Amino acid sequence: MTAAISPQRRTLSLVEIIDFKWLMAGDGHHVHVEHLQNDPEYACRCLTVAAASRIGALRDTARRLARTLGLTLPAA
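Because the structure is a prediction, the values reported are computed rather than measured. (Residues numbered from 1 in each chain as written. Predicted model: local features only at pLDDT ≥ 70, side-chain atom pairs only at ≥ 80, totals over all residues. Heavy atoms only, no water.)

(A) Spotlight on the nonpolar core. Ranked by size, the top nonpolar core spans 20 residues in total, and within it Phe20, Val31, Leu36, Leu47 and Leu71 carry the most contacts. Among the secondary structure elements, those contributing two or more residues to this core are helix 1 (14–26), helix 2 (33–38), helix 3 (40–51) and helix 4 (56–69). No other element matches helix 3, which puts six residues into this core. Excluding residues within four positions of it along the chain, phenylalanine 20 makes contact with Val31, Leu36, Cys46, Leu47, Ala50, Leu58, Thr61 and Leu65. (Core = buried A, V, L, I, M, F, W, Y, C linked by side-chain atoms within 4.5 Å. Buried < 20%, exposed > 50% of the residue type's maximum accessible area, 1.4 Å probe, protein only. Helix = DSSP H or I, 4+ residues; strand = E, 2+ residues; numbered from the N terminus. Contact = heavy atoms within 4.5 Å.)

What follows is the structure, given as structure tokens:
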């Protein structure tokens, strides 16, 4: 997996993280919040899974969070 990380990476708010965590749980995936906040590779893996979800709100959230973090997700 390749992911580009922008030097303008911004931190996610707790609301954004918890929203993402619950959307992922609804799709059957566990997200470790502290790991998501501190490990760009883990965040990219989670967002890549979310971007491929059958749940539209989760896909949209993944794209928004990837932009916020300055991550480029693999093409679908």
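(B) Highlighting the environment of leucine 12. By the secondary structure assignment, leucine 12 is in the loop between strand 1 (4–5) and helix 1. The spacing of leucine 12 and leucine 69 is 57 residues in sequence and 7.4 Å in space, taken between C-alpha atoms.

(C) Spatial organisation of the side chain of serine 53. Position of serine 53 relative to the elements: it lies in the loop between helix 3 and helix 4. Among all residues touching serine 53, those that are not within four sequence positions of it are Asp27, Leu58 and Arg59.

(D) Looking closely at the packing of helix 1 against helix 4. Here helix 1 crosses helix 4 at 145°, and the two axes come no closer than 10 Å. Read as a crossing pair, helix 1 and helix 4 show a hand that is left-handed. Here helix 1 contributes Glu16, Asp19, Phe20, Leu23 and Met24 to the contact with helix 4, which in turn contributes Ala57, Leu58, Thr61, Arg64, Leu65 and Thr68. Residues belonging to the contact of helix 1 with helix 4 are distributed by class as follows: six nonpolar, two polar and three charged. (Axes fitted to C-alpha atoms, helices over the stretch in contact; angles between N-to-C directions. Left-handed = near helix turned anticlockwise from the far one by under 90°. Nonpolar A, V, L, I, M, F, W, Y, C, P; charged D, E, K, R; others polar.)

(E) Region of interest: helix 3. Across its twelve residues, helix 3 extends 16 Å between first and last C-alpha, which sits within 8% of the 16 Å expected from 1.5 Å per residue. Of the positions making up helix 3, those classed as buried are Tyr42, Ala43, Cys44, Cys46, Leu47 and Ala50. Against the buried residues of helix 3 lie helix 1, helix 2, helix 4 and strand 2 (71–72). Between the side-chain oxygen of the N-cap and the backbone nitrogen of glutamate 41 there are 3.0 Å, and the N-cap of helix 3 in question is aspartate 39. (Expected span 1.5 Å × (residues − 1). Polar contact = N/O pair within 3.5 Å; in protein donor to acceptor, adjacent residues only side chain to side chain.)

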